[in-house]
Amino acid sequence: MFETIQTAPPDPILGLTEAFNKDPNPDKINLGVGIYKDAQGKTPTLECIQRAEKILSENETSGGGYLPMTGLAAMDDAVIPLVFGAGSDAAASGRALAAQTPGGTGGLRVAGDFIKKMFPGAKIWMSDPTWANHKGIFTASGIAQETYPYYDKAAGNLAFDKMTAALAEVPAGDVVLLHACCHNPSGMDPTPEQWTQLAQIAKERKFLPLFDFAYQGFGNGIEEDAAGIRAFAAAGLEMLVAGSFSKNFGLYNQRVGALTVLAGSAEAVAAAMSHVKLCIRVNYSNPPAHGARLVATVLGEAELRALWEQEVAAMRDRINSIRKRFVDTMAAKTDKQDFGFITTQLGMFSFSGLTKAQVHTLRDQHAIYIVDSGRISVAGINEDNIDALCDAIAGVL
């Protein structure tokens, strides 16, 4: 039977990393996959995580049995105030419940399965553009898909008027996928005032918001980056939130995420979570424990929590500084294109404005790996490679 199978096309992002890893060029640059790199091009283990590892090693006596379907309770309890704010009504009223998932991707897939099971006729509306894997995840869940305008490539900014006009036509009962912060791939986010306007549209149209919250802390701050979610919660809306701790805790290979459900009452959220648990059961049964224990330990210890916030701020500041350095370096090397818009974007990603042909030239001639859309992972730029990178980009413009 296997002899009849044709080779699948490579994943547009992870497949690019596979090609990068095989490239023998010692000066190769990977700006494809979304992994934070420090100024030396390394992915650091945060000090707060190192300390949490020590605490766990000193206190754990056995590996333990399976976790519940919803994962580690201590982490689930810590997620809700992190998302909605300490002391928020959502956190205090019992209207929100969280389930640990294998990364943010796992949270999105569980959300997709839950939506298809409970609301089989609902469509999901995604921004144009959106993360490349969103379409695949919701296709696998069997959900019909639509798009709404989001990014104006020509102007390099958020197409907010077109976005709101489209969302004002979304049928009641459909689902709208929103990037809570650090929009992937554009790096453009709504302002707090725009989030409030979007919440009112959601309330009027009666669609279900699903937030992808993969980069909390990498935009404007840990609290600030939850502005959109909190604006929707303040408007009294139900929602799903798929969060990830890969980036802001540096736990890429631990696969720690969460799916949070906010409903109108404690009874409604308990009923919804009972079906989320069934979706988890037939998917992976229950998540792994170690990464969740690390997150729960950091968020549960005041000293470690403060250290984590400092380390997230340091990562955010480096990304923002390299954005400015890139723009300034490009301006010094060429006047063919203004890259100033990159400093208005947030998070790890930016649309560079490079065409598919230019991207392929950079890959073939300079071993610079960028996805075909021209999206770059800003965190992959550092002091050692920025001049060579900008020289090569200037050469293909």
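What counts as what
Residues numbered from 1 in each chain as written. Predicted model: local features only at pLDDT ≥ 70, side-chain atom pairs only at ≥ 80, totals over all residues. Heavy atoms only, no water. Buried < 20%, exposed > 50% of the residue type's maximum accessible area, 1.4 Å probe, protein only. Helix = DSSP H or I, 4+ residues; strand = E, 2+ residues; numbered from the N terminus. Pairing = 2+ DSSP bridges. Right-handed = clockwise from strand over helix to strand, strands pointing away. Contact = heavy atoms within 4.5 Å. Core = buried A, V, L, I, M, F, W, Y, C linked by side-chain atoms within 4.5 Å. Axes fitted to C-alpha atoms, helices over the stretch in contact; angles between N-to-C directions.

Chemist: Any chance you could explain the pairing of strand β9 (residues 239-244) here in plain terms?
Modeler: In regular strands, side chains alternate between the two faces of the sheet. With six of six residues buried, β9 lies mostly within the body of the structure. Residues M239, V241 and G243 point to one face of β9 and L240, A242 and S244 to the other, with burial holding for every one of them. Of the strand pairs in this sheet, strand β8 (residues 208-213) and β9 are connected by four bridges, and their pairing is parallel. Pairing of F213 across the sheet is with G243, part of β9. Each parallel crossover has a hand, and the one from β8 via helix α9 (residues 227-234) to β9 is right-handed.

Chemist: Any chance you could explain unusual backbone geometry here in plain terms?
Modeler: Across residues other than glycine, the phi torsion is negative in most instances, and most of the peptide bonds are trans. Cis rather than trans, the peptide bond between D128 and P129 has omega equal to 10°. Each neighbour pair has its own omega, and for N184 with P185 the value is 25°, a cis peptide bond. Position of P185 relative to the elements: it lies in the loop between β7 (175-179) and α8 (192-205). Phi at R255 is positive, roughly 55°, even though this residue is not glycine. Relative to the helices and strands, R255 resides in the loop between β9 and β10 (257-262). Residue classification places R255 among the partly exposed positions, given a relative accessible area of 33%. Phi is positive for S285, which is not a glycine, with a value near 70°. Residue placement: S285 occurs in the loop between α10 (266-281) and α11 (290-300).

Chemist: I tried to follow the environment of D152 on my own but got confused; where do I start?
Modeler: Turning to its location among the elements, D152 is positioned in strand β5 (residues 151-152). Exposure remark for D152: the relative accessible area of 30% places this residue in the partly exposed category. Distance from D152 to L31, taken between C-alpha atoms, is 22 Å for residues 121 residues apart in sequence. Not counting residues up to four positions away in its chain, the partners in contact with D152 are N157 and A159.

Chemist: Where do I start with the side chain of S246 in this structure?
Modeler: Residue position: S246 is located in the loop between β9 and β10. Among all residues touching S246, those that are not within four sequence positions of it are L251, Y252, R255 and V256.

Chemist: What is the right way to read the nonpolar core from this model?
Modeler: When a protein is soluble and globular, its nonpolar side chains tend to lie buried together. Counting 103 residues, the largest nonpolar core has M75, F84, F232, W308 and F326 as its most contacted members. Here this core takes ten residues from helix α12 (residues 302-333), the largest share from any one element. Dropping the residues within four chain positions of it, F232 is found in contact with L178, W195, L198, A199, A202, P209, F211, L237 and M239. Core analysis: the second largest hydrophobic core is formed by 35 residues, I115, A242, I280 and V371 among them.

Chemist: Sorry if this is basic, but what is going on with the side chain of T70 here?
Modeler: Tracing the backbone shows T70 in the loop between α2 (47-59) and α3 (73-84). Judged by relative accessible area, T70 falls into the buried class, the value being 17%. Those residues in contact with T70 that lie beyond four places of it in its chain are D76, A98, A99, Q100, M273 and K277.

Chemist: How do you make sense of the sheet that holds strand β4 (residues 145-149) when you look at a structure like this?
Modeler: Each strand in a sheet pairs with its neighbour through backbone hydrogen bonds, running either in the same direction (parallel) or in the opposite one (antiparallel). With mixed pairing, the seven strands of this open sheet are ordered in space as β2-β10-β9-β8-β7-β3-β4. Pairing within the sheet leaves two strands with one partner each, and these edge strands are β2 (96-101) and β4. Across this sheet, the average inter-strand angle for adjacent strands is 25°, counted without regard to direction. α3 rests against β2, β8, β9 and β10 of the sheet, and its axis sits at about 120° to β2.

Chemist: Is there a simple way to explain the pairing of β4 in this structure?
Modeler: Bridging between strand β3 (residues 124-128) and β4 involves five bridges; their strand directions are parallel. Along β4, the bridge assignment pairs W125 with E146. On the question of chirality, the crossover connecting β3 to the parallel β4 by way of helix α6 (residues 132-140) is right-handed.

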